[in-house]
Amino acid sequence: KNSGLREVANPSEILLSHRDENLSGIAIAATMEGLRPILIETQALVSTAAYGTPQRTTTGFDTRRLNMLLAVLEKRNGFRLGIKDVFLNIAGGLTVNDPAIDMAVVASVLSSNEDIAIDKFTCFAAEVGLSGEIRSVNRIEQRIKEADKLGFQRMFISKYNYQSLNSGSYKMEIIPLSTISQLYGKLF
């Protein structure tokens, strides 16, 4: 601020955009920065390839991992993304290596591809495997508590994380999933 430095009590609030309307291609991921849970915004733009060879561009996320997730969507779920440009951005200038944001990346890509917005009070925390399965992640309770504290109403997680969770102690709805096709069915 103009008056000097001030404490940032909750980094997640800074990394999430404050938007009045829901826009397609945006999904919120619950990630970990060391031992601290942080909610981040994943932004995807999917459009028809203009120059023949589709582009795959990422900022703050591993391009090879994006290619793998797109291949899973195409092979396991029939989405024709091989002929489309896909741009992915992790908002706030962060670089994230946590596989727990996979489901948020997939959700943002699907949202942009379908041009249907994801509710802004929904977040995601799960890894996606090569067969399209939703895999569990570590420290799920911390991720859920952070999302709950910030007022999120729904969180999609792996059914394997859900089995060991006391879901009744949270205000938000916890939705367990086992495959990407279930994610698509619950979101759209």
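Relevant structure appears above.
Within each chain, residues carry numbers counting from 1 in the order of the written sequence. With pLDDT at 70 or above as the cut-off, local features in this predicted model cover only qualifying residues; side-chain atom pairs require 80 or more to be listed or tallied, and sums for whole chains, interfaces and linings still use all residues. Each side-chain value is derived from all of the structure's non-hydrogen atoms; neither hydrogens nor water enter the calculation.

Visitor: Explanation requested: the packing of helix α2 (residues 63-77) against helix α3 (residues 102-114) in the structure shown.
Guide: For any two helices packed against each other, the geometry comes down to the angle between their axes and how far apart the axes lie. In the contact formed by α2 and α3, the axes pass within 11 Å of each other and the chain directions differ by 60 degrees. Every pair of crossing elements has a handedness; the one defined by α2 and α3 is right-handed. On α3, the residues touching Arg65, Leu66, Leu69, Leu70 and Leu73 of α2 are Asp102, Val105, Val106, Val109 and Leu110. When the residues that make up the contact of α2 with α3 are grouped by side-chain class, the tally is 8 nonpolar, no polar and 2 charged. The convention used is that axes are lines fitted to C-alpha atoms, helices contributing only their stretch in contact, and that angles between N-to-C directions extend from 0 to 180 degrees. Secondary structure counts use DSSP, requiring at least four H or I residues in a row for a helix and at least two E residues in a row for a strand, with both numbered from the N terminus. The hand of a helix crossing depends on one turn: near helix anticlockwise from the far one by less than a right angle means left-handed, and clockwise means right-handed. Contact between two residues is taken to exist if any of their heavy atoms lie within 4.5 Å; hydrogens are not considered. In this classification, Asp, Glu, Lys and Arg are treated as charged, Ala, Val, Leu, Ile, Met, Phe, Trp, Tyr, Cys and Pro as nonpolar, and every other residue, Gly included, as polar.

Visitor: Where do I start with the nonpolar core in this structure?
Guide: Nonpolar side chains in soluble globular proteins generally cluster together in the buried interior. Nonpolar cores are built from buried Ala, Val, Leu, Ile, Met, Phe, Trp, Tyr and Cys residues. Side-chain atoms within 4.5 Å join them into one set. Residue burial is assigned from relative accessible area. The probe radius is 1.4 Å, only protein chains are included, and a residue is buried under 20% of its type maximum, exposed over 50%, and partly exposed in between. Within the largest apolar cluster, 37 residues are counted, with the highest numbers of intra-cluster contacts made by Phe124 and Leu183. Taken together, the elements giving at least two residues each to this core come down to β1 (26-33), β2 (36-48), α2, β4 (84-90), α3, β9 (173-177) and α6 (180-187). Here the element with the most residues in this core is α3; it accounts for 7 residues. For leucine 183, the residues in contact, after removing those within four places along its chain, are Met103, Val106, Ala107, Phe124, Phe156 and Leu177. Counting 17 residues, the second largest nonpolar core, distinct from the first, contains Leu39, Met155, Ile157 and Ile174.

Visitor: Whenever I open this one, the pattern of salt bridges confuses me. Can you help?
Guide: If charged atoms from side chains of opposite charge come close, those side chains can pair. Here, a salt bridge means any side-chain nitrogen of Lys or Arg that lies within 4 Å of a carboxyl oxygen of Asp or Glu. Inspection of every chain in the model, using the stated rule, returns 6 salt bridges. One salt bridge in this structure joins aspartate 98 and arginine 143, with 3.0 Å as the shortest N-O distance. One end of the pair, aspartate 98, is in the loop between β4 and α3; the other, arginine 143, is in helix α4 (residues 140-149), with 45 residues separating them in the sequence. Across the salt bridge formed by glutamate 146 and lysine 149, the nearest N and O atoms sit 3.3 Å from each other. Here lysine 149 and glutamate 146 lie together in helix α4, a separation of 3 residues that amounts to about one turn.

Visitor: Before we go on, may I ask you to explain the sheet that holds strand β5 (residues 122-125) in this structure?
Guide: To summarise the sheet geometry, strands pair through backbone hydrogen bonds and adopt either a parallel or an antiparallel arrangement. The criterion for strand pairing is that DSSP finds at least two bridges linking the strands in question. Taken in spatial order, the 7 strands of this open sheet run β3-β4-β2-β1-β5-β8-β9, and their pairing is mixed. Pairing within the sheet leaves two strands with one partner each, and these edge strands are β3 (56-59) and β9. Strand-to-strand twist of the sheet, defined as the mean angle between neighbouring strand axes without regard to direction, takes the value 25 degrees. With 2 bridges joining them, β1 and β5 adopt parallel strand pairing. Paired with isoleucine 28 across the strands is cysteine 123, a residue of β5. In this fold α2 packs onto β3 and β4, with an angle of close to 130 degrees to the strand it touches most, β3. Against the sheet, α3 makes contact with β1, β2, β4, β5, β8 (154-158) and β9, and its axis sits at roughly 30 degrees relative to β2, the strand it touches most.

Visitor: Explain the packing of aromatic side chains here, please?
Guide: Given two aromatic rings, one states the distance between the centres and the angle between the planes to describe the pair. Only Phe, Tyr and Trp rings are paired, with Trp represented by its six-membered ring, and only when their centres lie within 6.5 Å; those with planes under 30 degrees apart are stacked, over 60 edge-to-face, the remainder tilted. In this structure the tally under the stated criterion is 3 aromatic pairs. Judged by centre distance (5.3 Å) and plane angle (55 degrees), the rings of tyrosine 184 and phenylalanine 188 are tilted. Classification of tyrosine 184 as partly exposed rests on a relative accessible area of 25%. Phenylalanine 188 sits in the partly exposed class, given a relative accessible area of 28%. Members of the aromatic cluster, connected to one another through ring pairs, are Phe79, Tyr184 and Phe188.

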